[in-house]
Amino acid sequence: MSRYFCHEHPDVLTLETRIVDARPGAVVLAETPFHPGGGGQLADRGVLRAGTGEVRVTGFESSGGRLWHLLAEPLELAGTVEVGVEPAFRALMSALHTDTHVLNALVFQHFQGALVTGAQLNDDGTARMDFDLPDADNDRLRALEPAVNEAIRQDLPLRFGYVPAGDAAREPGLLRSRSVAPPPDHEGLIRVVEIVGLDRQACGGTHLASTGRSRPIRILKVDNKGRHNRRIRIGLVDDA
Ligand SMILES: [Zn+2]
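Values in this document were obtained by computation on a predicted structure and should not be read as measured data.

I'd love a proper account of the sheet that holds strand S5 (residues 66-71), names of residues and values included.
Strand order in the closed barrel formed by 6 strands is S1-S2-S5-S4-S3-S6, and the pairing between neighbours is antiparallel. Taking each pair of neighbouring strands and ignoring which way they run, the sheet shows an average axis angle of 45°.

This is the structure we're talking about:
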């Protein structure tokens, strides 16, 4: 898993930085506050400002260990620029991501260590998680909603750290995904996201500083996805 600036500095959304490589409509930056997406999380949105102009960052492309920021116009840029991550979108992804950890922790605890087989966060305030749960009663899954909201209400703090990949593999439940183990970084470390008192799991996404910064959620739907998988859709409750 790559180490991102946003892991160490989740609150820094605007940054002055240098273009270190460029082609028409794309740049590599010396430092970037953007999360490029992955593991079901959508990439950050935002802008790049150079001189008096501003261009939208429309996506990311990773190649040769470098992150290309794709621009909405075929500009050829150089020198110093200011980049800005869209705060509302980052906050939405971080909230949904934190809430999926809460849900995932409760499924893991109540359903004999069931693992995640897929996850997707959406820009409409909903998310889905798939679990390897061949024998689960869907009503019992739906009944987790109050426990998820209780964990949000308790405003549990999140902590972030790194553990060696070998230790991560030995700690039961730390690698929560059935199919993909996050790759270690160049020092052989895996990032661990802890919701204090509830859950610890390897993850490279963005999250809230505490669960209480999320709105409550609803469990919108529980579906059977094939013989083994259950798909749980959640949605943030609208602001009143
Ligand atoms: Zn996460």
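Account for the coordination of the zinc ion, naming residues and giving values.
Within the protein, the atoms that donate to the zinc ion are His97 (NE2), His101 (NE2), Cys203 (SG) and His207 (NE2), at distances of 2.0 to 2.3 Å. Around the zinc ion, the 4 donor atoms sit at angles spanning 93 to 119°, and that spread fits a shape best called tetrahedral. Along the chain, the residues donating to the zinc ion are arranged with the sequence spacing H-x3-H-x101-C-x3-H. Here His97 is found in helix H2 (residues 87-110), whereas its partner His207 is found in the loop between strand S11 (199-202) and strand S12 (217-225), with 110 residues between them in sequence. Judged by its relative accessible area of 7%, His97 is buried. The class for His207 is buried, based on a relative accessible area of 9%.

How would you explain the side chain of Thr211 if you had to name every residue and give the values?
Its place among the elements puts Thr211 in the loop between S11 and S12. A polar side-chain atom of Thr211 sits 2.8 Å from the main-chain carbonyl oxygen of Ala151. What Thr211 contacts, discounting residues up to four positions off in sequence, is Thr98, Val102, Ala151, Ile152, Asp155, Leu156, Leu158 and Ile195.

Pulling in residues and values, what's your account of the packing of aromatic side chains?
Throughout the structure, instances matching the rule amount to 1 aromatic pair. Both rings, one in Phe34 and one in Phe60, keep their centres 5.4 Å apart while their planes meet at 50°; by these two values the pair is tilted. Placement of the pair is Phe34 in the loop between strand S2 (26-29) and strand S3 (46-50) and Phe60 in strand S4 (residues 53-63), with a sequence separation of 26 residues. Residue classification places Phe34 among the buried residues on the basis of a relative accessible area of 1%. Accessibility expressed as a relative area gives 17% for Phe60, which makes it buried. When the ring centre of Tyr162 is taken as reference, the NZ or CZ atom of Arg3 above it lies at 3.7 Å. Sitting over the face of the ring of Trp68, Arg23 holds its NZ or CZ atom 4.5 Å from the ring centroid.

Please provide a residue-by-residue account of the environment of Asn122, values included.
Within the fold, Asn122 resides in the loop between strand S7 (116-121) and strand S8 (126-132). Judged by relative accessible area, which is 24%, Asn122 ranks as partly exposed. For the pair Asn122 and Met93, spaced 29 residues apart in the sequence, the C-alpha separation amounts to 8.0 Å.

So, the pairing of S12: which residues are in play, and what are the values?
One face of the sheet, then the other: side chains in a regular strand alternate in exactly this way. Taken together, the 8 bridges between S12 and strand S13 (residues 229-236) define a ladder with antiparallel strand orientation. Paired with Arg218 across the strands is Gly235, a residue of S13. Linking S12 back to S13 in an antiparallel pair, the connection comprises 3 residues, with Gly226 at a positive phi of about 75°.

Residues and numbers for the packing of H2 against helix H4 (residues 145-153), please.
Across the interface, H2 lies against H4 with an axial gap of 10 Å and an inter-helix angle of 125°. The pairing of H2 with H4 is recorded here as oblique in orientation. Both H2 and H4 take part in a crossing whose hand is right-handed. Contact with H2, carried on its side by Asp99, Val102, Leu103 and Leu106, involves Ala147, Val148, Ala151 and Ile152 of H4 and no other residues of that element. When grouped by side-chain class, the residues that make up the contact of H2 with H4 number 7 nonpolar, no polar and 1 charged.

Quick notes on the rules
Residues numbered from 1 in each chain as written. Predicted model: local features only at pLDDT ≥ 70, side-chain atom pairs only at ≥ 80, totals over all residues. Heavy atoms only, no water. Pairing = 2+ DSSP bridges. Helix = DSSP H or I, 4+ residues; strand = E, 2+ residues; numbered from the N terminus. Axes fitted to C-alpha atoms, helices over the stretch in contact; angles between N-to-C directions. Donors = N, O, S within 2.8 Å, 3.2 Å for Na, K, Ca; no water. Tetrahedral: all angles 85-135°; square planar, octahedral: opposite > 155°, others 65-115°. Buried < 20%, exposed > 50% of the residue type's maximum accessible area, 1.4 Å probe, protein only. Polar contact = N/O pair within 3.5 Å; in protein donor to acceptor, adjacent residues only side chain to side chain. Contact = heavy atoms within 4.5 Å. Phe/Tyr/Trp six-rings, centres within 6.5 Å; stacked < 30°, edge-to-face > 60°. Lys NZ or Arg CZ within 6 Å of the ring centre and 35° of its normal. Parallel < 35°, antiparallel > 145°, perpendicular 65-115°, else oblique. Left-handed = near helix turned anticlockwise from the far one by under 90°. Nonpolar A, V, L, I, M, F, W, Y, C, P; charged D, E, K, R; others polar.

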